[in-house]
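Examining the three-dimensional arrangement
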Amino acid sequence: MFKIFNTQTKKLEDFVPLNDNTVTMYVCGVTVYDYCHVGHARSAICFDVIYRYLLYKGYDVKFVKNFTDIDDKIINKANEENKPFDEISEKYIKEFYTDMEAIGIKKPTFEPKATMHINDIIKFISKLIEKGYAYESDGDIYYSVNKFESYGKLSHKKIEELKSGARVEVNDKKKYPLDFVLWKKSKPNEPSWDSPWGKGRPGWHIECSVMSMHYLGETIDIHGGGEDLIFPHHENEIAQSEALSGKQFVRYWIHNGFIKINNEKMSKSLGNFFTIRDVLKEFNGETLRYYMLLTHYRNPIEFSYDGLLAAKEALNRYYTFLMRLDNTQFSNEEFKLNLIETLQSNFEKDMDNDFNTSQAIGDVFNCLKELNLYLDDCEKNNKKPSTNVKETFLNTMSKIAQVLGVFDNKYTKWFNLEENQWIEEKIALRSKAKKEKDFALADKIRNELLKQGIILEDQKEKTIWKKIK
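To start, this report covers the structure provided alongside it.

Calculation notes
Residues numbered from 1 in each chain as written. Predicted model: local features only at pLDDT ≥ 70, side-chain atom pairs only at ≥ 80, totals over all residues. Heavy atoms only, no water. Helix = DSSP H or I, 4+ residues; strand = E, 2+ residues; numbered from the N terminus. Buried < 20%, exposed > 50% of the residue type's maximum accessible area, 1.4 Å probe, protein only. Contact = heavy atoms within 4.5 Å. Areas by Shrake-Rupley, 256 points an atom, 1.4 Å probe, with all protein chains shown as cover. Lys, Arg positive; Asp, Glu negative; His and termini not counted. Charge placed at Lys NZ, Arg CZ, Asp CG, Glu CD. Expected span 1.5 Å × (residues − 1). Arc of directions from axis to C-beta. Polar contact = N/O pair within 3.5 Å; in protein donor to acceptor, adjacent residues only side chain to side chain. Pairing = 2+ DSSP bridges. Core = buried A, V, L, I, M, F, W, Y, C linked by side-chain atoms within 4.5 Å.

Of regular secondary structure, the protein chain possesses 16 helices and 15 strands. For the protein chain, the proportion of its 469 residues judged to be buried stands at 51%. Across the protein chain, contacts joining residues at least 24 apart in sequence account for 77% of those joining residues at least 6 apart. Surface accessibility of the protein chain: about 22,700 Å² in total, with carbon and sulfur atoms responsible for 47%. Between the averaged position of the 69 positive side-chain charges in the protein chain and that of its 72 negative side-chain charges there is a distance of 2 Å.

What follows is the structure in structure tokens.
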């Protein structure tokens with residue numbers, strides 16, 4: 001069975017969608033006031049792979065990922081730059097798309113902005129007030145946590161033991177310290193919207209409940225985000241949504257682990273973060289994505305330069321192998337290798353076990369090892385390898401690449417092997433020199449190419465080349 005670890009139950013559970021073959025999934029998106037960091041990349045890659053695998057399994061997936069485009073951080077940035085808040089948010093939405101494209105993120109079904117749903121938010125809050133779950137205090141509206149008996153069921157915290165943490169705002173307007181704001185009274189020169197309680201804007205937690213219900217219904221299959229969102233954000237979403245509907249809000253909660261730098265959670269507040277663009281100055285998007293997938297999504301990643309280098313080298317090995325396949329002559333003789341024949345079923349087994357990308361990648365490289373040994377043996381015995389081995393591997397890898405979003409390049413693109421007449425002419429001159437036993441000239445040409453970042457590999461029938469990254 002296809003199993004998912006549910007944060008709420010702390011168990012691996014069989015995944016059974018609420019409505020037959022349709023899967024509804026909501027993932028909390030970014031607050032658009034700055035460039036994305038690698039923590040954002042990890043969450044985006046994690047849920048992108050989950051989305052892709054659900055599609056691979058044949059599900060009709062309705063996937064929503066929001067933009068928080070009104071928030072204190074956005075307002076502060078707008079004030080610093082003396083610009084309208086929506087100019088800031090639109091700028092960083094555009095930059096978000098640039099970053100996501102670089103790391104291979106598929107667009108969700110819907111990508112709503114909080115400001116698109118102000119009227120829906122006001123209606124939602126009004127109903128909570130009518131039901132006695134929210135109250136007004138000097139133009140602000142708060143959710144009354146004590147009224148929701150199962151508060152804490154996601155984070156496994158008890159109300160009486162909870163204290164206001166770093167992300168729980170404390171002020172004198174609240175009846176109870178854990179009550180959280182649904183609607184904020186506007187301050188002078190802040191963006192605001194008319195409401196029954198005066199001009200104001202939505203709090204952070206309310207937008208996701210509203211947009212999830214608007215696009216996906218009162219009960220959804222999957223809700224996800226980083227583990228830092230479990231409390232208070234996702235806990236508060238449950239309280240708001242279930243108080244309104246009287247129904248279960250989410251059936252499976254999925255949370256990805258932190259990115260850590262020197263054993264500390266990476267965050268802007270600690271000043272120990274890297275933007276995606278910082279990383280992409282030295283590594284391409286596929287390398288960053290591969291690096292993230294080497295660790296199971298629920299485990300923390302100790303982010304390091306050496307780790308990225310190792311990921312790059314692993315991909316070098318993969319694409320070097322593709323180049324070897326392309327430069328090998330095959331026969332039509334039937335032959336089967338066990339690991340190749342079972343690669344797709346092993347991949348599905350790994351992914352069915354709570355999206356175990358780390359094991360799936362390990363299985364791919366086990367296959368590469370077996371294939372290289374097979375090709376070595378064929379060369380040693382002067383025998384052409386079987387074309388069905390090559391075709392089975394490449395067909396399977398095409399399917400795996402569609403899910404993982406790595407292994408999907410051509411080796412010519414990975415190694416920058418673009419048509420270059422000058423290089424080919426140099427190789428031809430070197431081949432001629434070798435035939436004429438002018439090895440000094442042949443070595444001189446090799447060294448000349450090496451200075452240009454071109455390395456040569458002599459094979460039986462021809463010489464191939466690639467650029468050093």
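Since the α-helix packs 3.6 residues into each turn, any two residues three or four apart lie on the same face. In this model, helix α16 (residues 439-451) (13 residues) spans 18 Å end to end at C-alpha, consistent with the 18 Å of a helix rising 1.5 Å per residue. For α16, the set of buried residues is A442, I445 and L449. For α16, the arc enclosing every buried residue in end-on projection is 65 degrees, short of the 170-degree limit, so these residues lie on one face. In α16, the exposed residues that point more than 90 degrees away from the buried face are A440, K444 and K451. Of the residues one or two after α16, G453 is the one with positive phi, at around 80 degrees.

Tracing the sequence through the fold places H37 in the loop between β3 (22-27) and α1 (38-56). A polar contact of 3.0 Å, which involves the side chain of H37, links it to the backbone nitrogen of G39.

Turning our eyes to something else, we now look at the pairing of strand β2 (residues 11-14). In the case of a regular strand, side chains alternate between the two sheet surfaces. Note that strand β1 (residues 3-6) and β2 share four bridges and pair antiparallel. The residue bridging K3 from the neighbouring strand is D14, located in β2. Hairpin remark: β1 followed by β2, antiparallel, with four residues in the connecting loop; positive phi at K10, about 60 degrees.

Right, let's talk about the sheet that holds strand β12 (residues 264-265) for a bit. Pairing in this open sheet of three strands is mixed, and the strands run β12-β11-β13 from one edge to the other. In this open sheet, the two strands that pair with only one neighbour each are β12 and β13 (301-302). Across two bridges, strand β11 (residues 259-261) lies against β12 in antiparallel orientation. When the sheet's bridge partners are listed, I261 is paired in β12 with E264.

A few words now on the nonpolar core. L54, F303, Y318, F393, L404 and F407 are the most contacted members of the largest nonpolar core, which has 135 residues in total. For this core, the element with the highest residue contribution is α1, accounting for eleven residues. Discounting residues that sit within four places of it in the chain, F393 has contacts with Y318, F321, L322, L325, I340, L343, C367, L368 and L371. I423, I427, L449 and I454 belong to the second largest nonpolar core, which has seven residues in total.

Attention now moves to the environment of S267. The residue S267 is located in the loop between β12 and α7 (276-280) in this model. Since its relative accessible area comes to 12%, S267 is described here as buried. Along the backbone, S267 and G39 are 228 residues apart, and their C-alpha atoms lie at a distance of 8.1 Å. Excluding residues within four positions of it along the chain, S267 makes contact with N272 and F273.

Keep in mind these numbers describe shape, not what the thing actually does.
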